[in-house]
Amino acid sequence: MIGELHTQIETVQRNLGLATQAGLPYEATLHRARLEDLVEMAMRHGIDVSAWVDRSLLAPPAQAEGGSR
């Protein structure tokens, strides 16, 4: 289980980076949500994934400031 989890986390992080570089915010959001799900699942099972996960990828990208209407 741990090996498969590690592989999935690596894949999702790679795909998240590709989506971000390609300027695909919707796809990046989907990959970020999947990464958060995997991290949560690991925590539920007592698996420390801190060495595998780039925590900066979990934070949503900064929103452009604009006036409210």
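Preceding this paragraph is the structure being described.
A.B. asks: Quick question: what am I supposed to make of the overall build of the protein chain here?
C.D. replies: Summing up its helical and strand segments, the protein chain has two helices and zero strands in all. Scored against the burial criterion, the 69 residues of the protein chain give a buried share of 23%.

A.B. asks: Mind showing me how you'd approach the environment of Ala19 here?
C.D. replies: By the element assignment, Ala19 lies in helix α1 (residues 2-21). Its relative accessible area of 6% is what places Ala19 among the buried residues. For the pair Ala19 and His31, spaced 12 residues apart in sequence, the C-alpha to C-alpha distance is 8.4 Å. Every residue in contact with Ala19, bar those within four places of it in the chain, is listed here: Leu24, Glu27, Ala28 and His31.

A.B. asks: Sorry if this is basic, but what is going on with the packing of α1 against helix α2 (residues 25-44) here?
C.D. replies: Angle between the axes and distance between the axes: these two values describe a pair of packed helices. Two numbers describe how α1 lies on α2: the axes approach to 8 Å, and their chain directions differ by 160°. One way to sum up the angle between α1 and α2 is to call them roughly antiparallel. Handedness of the crossing formed by α1 with α2: left-handed. Along its contact with α1, which presents Leu5, Gln8, Ile9, Val12, Gln13, Asn15, Leu16, Ala19 and Thr20, the element α2 presents Glu27, Ala28, His31, Arg32, Arg34, Leu35, Leu38, Met41 and Ala42.

A.B. asks: Can you help me understand the side chain of Gln13 in this one?
C.D. replies: Residue placement: Gln13 occurs in helix α1. Those residues within four positions of Gln13 in sequence are excluded, and the remaining contacts are Leu35, Trp52, Val53, Asp54 and Leu57.

Conventions adopted
Residues numbered from 1 in each chain as written. Predicted model: local features only at pLDDT ≥ 70, side-chain atom pairs only at ≥ 80, totals over all residues. Heavy atoms only, no water. Helix = DSSP H or I, 4+ residues; strand = E, 2+ residues; numbered from the N terminus. Buried < 20%, exposed > 50% of the residue type's maximum accessible area, 1.4 Å probe, protein only. Contact = heavy atoms within 4.5 Å. Axes fitted to C-alpha atoms, helices over the stretch in contact; angles between N-to-C directions. Parallel < 35°, antiparallel > 145°, perpendicular 65-115°, else oblique. Left-handed = near helix turned anticlockwise from the far one by under 90°.

Remember, this is a structural readout, not a statement about activity or role.
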